[in-house]
Amino acid sequence: MNVTKQAGAAAGGTPGAEELAAINALAREPLEAEQVYTFAIRLCDNQIDRDGERFAPRTLEELAHLFVGKAGIFDHRWSAREQSARIYRTQVVEEEGALTQAGDPCRYVKAWAYMVRTPGNQDLIAEIQGGIKREVSVGCAVEQVLCSVCGEPLESCPHRKGEVYQGKLCWGELVGATDAYEWSFVAVPAQRSAGVMKGFREEKSALEEEAALGRRWLKELREQVVALGVAEGRERPEMERLAGRCGGQELLTLKTLLDRPWGAPAKPQLPYGGNEENVPGRDGAFLI
């Protein structure tokens, strides 16, 4: 699953000796401090964002390592011409006294990036220093999104992001970082504390797309069964447990039974109708 999130960039300057050593570990030829401009970036955090999802704390640690050496571009346009800077160091930082909506300490990935000073990028450096270029968006991949209520994959469980179940808020937990692609300067922030925007890239195969559609259909079917059960007076937790254990065919059967108009008779075991009273021998076993 590919994820894009936005954060902020802070103005920087000329690197010290230790910073320059880290930068030169990525450069093909040694650079002098005067040739380099550095700045700090807040890449992503573990707050619940506007899409009702968040990076798990462990995922932040994984992303911090993956983003070292990744290039910065503009608006996620994957082109060598768009490369403007590169991350040379990262760190997971805990905000003192700040808690997430999930109740754990707020943490974020802080990165340091460098640019080689050239006549062509002086305007960009000036915009970073002046606070014009501030928001950045990261492109990465995670294994799955888990439900905060039941711990199952969110796309197939009966819970919905943003709703509360027995006092517990449902959100999607992004877990298992597998890759970091790039980070981009963008225009619109979306993550609450850092101005972060998130999206998904369409890079799935046809089979993956079909599987995703099937999971969405199954989730919607579970939600319909739960809603029908609640409408008939059953407890929601009971219906969620029942629906969660059922497969597609079982859910369809349950939906048919629950969706039947109240008081409608089931099909009789011995259906008589039409002109069947004239069928010869129909009641022969009951004649004396």
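Treat the numbers as computed from the prediction; the structure is a model and nothing was measured. (Residues numbered from 1 in each chain as written. Predicted model: local features only at pLDDT ≥ 70, side-chain atom pairs only at ≥ 80, totals over all residues. Heavy atoms only, no water.)

Caption draft 1: Fine view of the overall build of the protein chain. In terms of helices and strands, the protein chain carries 6 helices and 10 strands. Of the contacts formed within the protein chain by residues at least 6 apart in sequence, a portion of 71% connects residues at least 24 apart. Roughly 16300 Å² of accessible area belongs to the protein chain as shown, and the carbon and sulfur atoms make up 51% of that amount. (Helix = DSSP H or I, 4+ residues; strand = E, 2+ residues; numbered from the N terminus. Contact = heavy atoms within 4.5 Å. Areas by Shrake-Rupley, 256 points an atom, 1.4 Å probe, with all protein chains shown as cover.)

Caption draft 2: Seen up close, the pairing of strand β7 (residues 135-147). Taken across its 13 residues, β7 has 11 buried, putting it largely inside the fold. Here β7 pairs with strand β10 (residues 172-185) via 11 bridges, running antiparallel. Bridge pairing in β10 links Ser137 to Ser184. (Buried < 20%, exposed > 50% of the residue type's maximum accessible area, 1.4 Å probe, protein only. Pairing = 2+ DSSP bridges.)

Caption draft 3: Spotlight on helix α5 (residues 236-245). Looking only at α5, the buried set comprises Met239, Glu240 and Ala243. Summarising the axial view, the buried residues of α5 lie within an arc of 100°, below the 170-degree limit, and thus occupy one face. Residues Arg241 and Arg245 are exposed on α5 and point more than 90 degrees away from its buried face. (Arc of directions from axis to C-beta.)

Caption draft 4: Up close: the side chain of Ser148. Looking at the secondary structure, you find Ser148 in the loop between β7 and β8 (164-165). Residue classification places Ser148 among the buried residues on the basis of a relative accessible area of 12%. Looking at Ser148, its side chain comes within polar contact range of the main-chain oxygen of Leu169, at 2.9 Å. Only 2.9 Å separates the side chain of Ser148 from the backbone nitrogen of Trp171, close enough to count as a polar contact. With near-sequence residues (within four places) excluded, Ser148 lies in contact with Lys168, Leu169, Cys170 and Trp171. (Polar contact = N/O pair within 3.5 Å; in protein donor to acceptor, adjacent residues only side chain to side chain.)

Caption draft 5: Quick peek at the nonpolar core. Formed by 35 residues in total, the largest nonpolar core has its most connected members in Phe39, Ile41, Leu43 and Trp183. Of all the secondary-structure elements, those providing two or more residues to this core are β2 (36-45), α2 (57-66), β5 (85-99), β6 (105-116), α3 (122-129), β7 and β10. Looking at this core element by element, the count peaks at 6 residues for β7. (Core = buried A, V, L, I, M, F, W, Y, C linked by side-chain atoms within 4.5 Å.)

Caption draft 6: The arrangement of α2 in detail. Regarding α2, the residues found buried are Thr59, Leu60, Leu63 and Ala64. Each buried residue of α2 sits inside an arc of 145° when the element is viewed along its axis, so together they form one side. Exposed side chains of α2 directed beyond 90 degrees from the buried face belong to Arg58 and His65. Contacts made by the buried residues of α2 are with β2, β3 (53-55), β5, β6, β7 and β10.

Caption draft 7: Structural context of the pairing of β2. Of all 10 residues that make up β2, 10 are buried, and the element is covered over most of its length. Bridging between β2 and β6 involves 9 bridges; their strand directions are antiparallel. Note on β6: the bridge partner recorded for Val36 is Val116.

Caption draft 8: Seen up close, the pattern of salt bridges. If you walk through the whole model with that rule in mind, you get 13 salt bridges. One salt bridge connects Arg89 with Glu19, and the closest N-O pair in it is separated by 3.2 Å. Linking Arg89 in strand β5 with Glu19 in helix α1 (residues 17-24), this pair joins segments that are 70 residues apart in sequence. The exposure class of Glu19 is buried, given its relative accessible area of 18%. Here Lys161 ties to Glu53 by a salt bridge, and the two come within 3.2 Å at their closest N and O atoms. Of the two residues, Lys161 sits in the loop between β7 and β8 while Glu53 sits in strand β3, which places them 108 residues apart along the sequence. (Salt bridge = Lys/Arg side-chain N within 4 Å of Asp/Glu carboxyl O.)

Caption draft 9: Spatial organisation of the environment of Val93. In this structure, Val93 sits in strand β5. Put simply, Val93 and Arg42 are 51 residues apart on the chain and 9.7 Å apart in space, counted from C-alpha to C-alpha. Contact partners of Val93, with chain neighbours within four places excluded, come to Cys106, Arg107, Tyr108 and Lys110.

Caption draft 10: Just unusual backbone geometry, in detail. Located in the positive-phi region is Gln166, a residue other than glycine, with phi close to 50°. Structurally, Gln166 is set in the loop between β8 and β9 (168-169).

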